[in-house]
Amino acid sequence: PLSKYYHQCIGMVSWSKTALLLVSTISRTSGFQPSPLSIKRARPSHHSWALSSSHHHDGQPTSKQAKTTVSSQAALIAGTTIGGGFLALPAATAPGGFFPSAVGLVAVWTYLLGCSLSFANAIFMMKDGRGRIEDKHQANNTNDDEEISIFSLVRECFGNTSGVVTGLLFLLLIKATLVAQLSKAGVLLQSNMLLPNVSRGVWTIVFSVIVALVCLVGKQRHIERINDVMTSSMILSFLTLIALAGRSGWTIDGLKRADYRTLFPSLGSPWVAPIFIQLLLYNEVVPLVSARLGDETKVRRAILYGSTVPLLMCLIWSCVALGIVPYEPTLVATNGGSLIYDPLSRLSERVIAKGGSIGKVFLSSVNTMAGSAICTTVFGSILATTQYLDDVITHSFGGRKDTSWTRIFKHSFAIFPSAMIAALGSSELYYHATSFAGEFPCTFLFGLIPPICNLRLRWKLRKQSERIESKDVAVQALLAFVSVVILAACRLTRS
């Protein structure tokens, strides 16, 4: 069963599916009783995780660690990053232009890279046992084999209550992601189905019902197979649209616009940084990569290699979209006062007018990529939410049997509140919900918390008379400061 559980987790390549790994730890951080997905996997002894003063693994990898490689974990990170939020990129990059947006993407990638390395460093400090907080309510609960996630890290540094709050923030992140994806699904179905009288809200509800039924009736392995097909379709479609871009009306003139002011926050205007954070986020999978590789140097390499692939994909996708549909400021002013300009909304007429039959194939590739990306993210978000509810029900009712009615309730709660918000909201809700997820939950959970916890653990080491490098403390403090600035700037743009 443990081997089967691992392969289930490793097979879920989109961001939301990897979220199951985090939600399964809520049972330990918030006092819930463990459910089937929170079973701890067998791990090497504490001595095999022993680290030197510089936190490098000084022994040979165990048989479990030797089964994976840096390239394998890099592929997991890349697959985790790519999801439905990929579709918001052209709308975020269009006002500023390709080159300013490329600068912004690289800057956000660097920030997330620093935060993920801080997260991994804190994990290895805890594994070494040097960052353990000697607290009376935790003294009897420490376990060398406990999986270290963002929840257990917060609990170790700041107590159980903080762990519960972190779990709720993570659930908020899942809900915001679902609202964004379901809203976009309704827009795509309305524009591609031959039923012009059916509104976007109705298509959103229909799509939500179908996905909920698939998750309710289908078995875990069947859903995984569907996700495998969707992921493969997304990759093939992306490669196809790159190959056909030159014959679908792409020109370099569309990349000449450059407005670097869009990289900075301004009052009442959308800021691109939260969108970029949501698009490039992969930090939630760092605990799994750390556990599988068991060597901080290898983990750093896997994070570097794996995060570079989505960055390149975002740069290419932005280049293709803006090269075909250049930014036209006059359309923003005449579009009902809207502040959102989405090149994808005008992509159909452009590629068909300039590309003919090739343009139709290009457009089909875009729609396939969009639908596949949305489906993979929605499936994973529903499964993550139902797992969270499993933990809540087990804790509240003492592990009652999972009946058909409880399954219906869990799946309904998982998707329909978000579906109703998506159906009743505007067609631009996808962009706003994606921006919100990047503004607060993502930045707070995976931007601010890791360096803060890292500093807390280093302070503990200092109290134990261990030598702490001042430059390491400065780097962690800088990451925490940047996260606070991003959160404050996001608040400013919403004022």
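About the thresholds
Residues numbered from 1 in each chain as written. Predicted model: local features only at pLDDT ≥ 70, side-chain atom pairs only at ≥ 80, totals over all residues. Heavy atoms only, no water. Helix = DSSP H or I, 4+ residues; strand = E, 2+ residues; numbered from the N terminus. Buried < 20%, exposed > 50% of the residue type's maximum accessible area, 1.4 Å probe, protein only. Patch = residues over 30% accessible without salt bridge, like charges linked within 9 Å, V, L, I, M, F, W, Y side chains within 5 Å. Areas by Shrake-Rupley, 256 points an atom, 1.4 Å probe, with all protein chains shown as cover. Salt bridge = Lys/Arg side-chain N within 4 Å of Asp/Glu carboxyl O. 1 Å grid on protein atoms, 1.4 Å probe; cavity = no way out; pocket = protein on both sides within 12 Å on 5 of 7 lines; lining within 4 Å. Points joined across faces, edges and corners; volume = space filled by probe spheres on them. Nonpolar A, V, L, I, M, F, W, Y, C, P; charged D, E, K, R; others polar. pLDDT = per-residue confidence, 0-100. Contact = heavy atoms within 4.5 Å. Core = buried A, V, L, I, M, F, W, Y, C linked by side-chain atoms within 4.5 Å.

1. Things to note about the environment of Thr177
Turning to step 1, where the next piece is worked out: One can find Thr177 in helix α8 (residues 160–192).
Turning to step 2, where the next piece is worked out: We classify Thr177 as buried; its relative accessible area is 4%.
Turning to step 3, where the next piece is worked out: Distance from Thr177 to Tyr430, taken between C-alpha atoms, is 8.8 Å for residues 253 residues apart in sequence.

2. Looking at a nonpolar patch on the surface
Turning to step 1, where the next piece is worked out: A cluster of nonpolar residues, Ile235, Leu236, Leu239, Ile242, Leu312 and Ile316, forms a patch on the protein surface that exposes about 520 Å² of accessible area.
Turning to step 2, where the next piece is worked out: For the nonpolar patch, the elements supplying multiple residues, two or more each, are α10 (220–244) and α13 (296–324).
Turning to step 3, where the next piece is worked out: If you tally residues by element for the nonpolar patch, the top one is α10, at four residues.
Turning to step 4, where the next piece is worked out: Within the fold, Leu312 resides in helix α13.

3. Some words on the pattern of salt bridges
Turning to step 1, where the next piece is worked out: Enumeration according to the criterion identifies five salt bridges in this entry.
Turning to step 2, where the next piece is worked out: One salt bridge in this structure joins Arg261 and Asp259, with 3.0 Å as the shortest N-O distance.
Turning to step 3, where the next piece is worked out: Residues Arg300 and Glu296 are paired through a salt bridge, measuring 3.4 Å at the closest nitrogen-oxygen approach. Of this pair, Arg300 and Glu296 are both found in helix α13, four residues apart, which corresponds to roughly one turn of the helix.
Turning to step 4, where the next piece is worked out: Judged by relative accessible area, Arg300 falls into the partly exposed class, the value being 37%.

4. Comments concerning empty space enclosed by the protein
Turning to step 1, where the next piece is worked out: One pass over the structure, following the stated rule, counts seven cavities of 30 Å³ or more.
Turning to step 2, where the next piece is worked out: One number sums up the size of the largest cavity: a volume of about 170 Å³.
Turning to step 3, where the next piece is worked out: Lining the largest cavity are 14 residues, and of these Thr81, Gly83, Gly84, Gly85 and Gln278 sit closest to its centre.
Turning to step 4, where the next piece is worked out: Only α8, α11 (272–280) and α13 provide two or more residues apiece to the lining of the largest cavity.
Turning to step 5, where the next piece is worked out: Among the residues forming the lining of the largest cavity, the class breakdown is six nonpolar, eight polar and no charged.

5. A few points about the confidence of the model for the protein chain
Turning to step 1, where the next piece is worked out: Overall, the prediction assigns the protein chain a mean pLDDT of 75, with 74% of residues at 70 or greater.
Turning to step 2, where the next piece is worked out: Taking the mean pLDDT of every element in the protein chain, the minimum, 33, falls on helix α1 (residues 2–10) and the maximum, 93, on helix α6 (residues 98–127).
Turning to step 3, where the next piece is worked out: For the stretch residues 1–66, pLDDT sits under 50, and the model shows 159 contacts to residues farther than four places along the chain or on other chains.
Turning to step 4, where the next piece is worked out: Residue range residues 333–338 is modelled with pLDDT below 50. Its contacts to residues more than four positions away, or to other chains, number five contacts.

6. Describing the nonpolar core
Turning to step 1, where the next piece is worked out: If you look at the biggest cluster of nonpolar residues, it comprises 117 residues, and the most contacted ones within it are Phe207, Phe362 and Val378.
Turning to step 2, where the next piece is worked out: With 16 residues, helix α15 (residues 347–397) is the single largest residue contributor to this core.
Turning to step 3, where the next piece is worked out: Apart from the residues within four sequence positions on either side, Val378 is in contact with Leu178, Gln181, Leu182, Phe207, Val211 and Ile415.
Turning to step 4, where the next piece is worked out: Membership of the second largest hydrophobic core comes to six residues, among which are Ala94, Phe98, Cys319 and Leu322.

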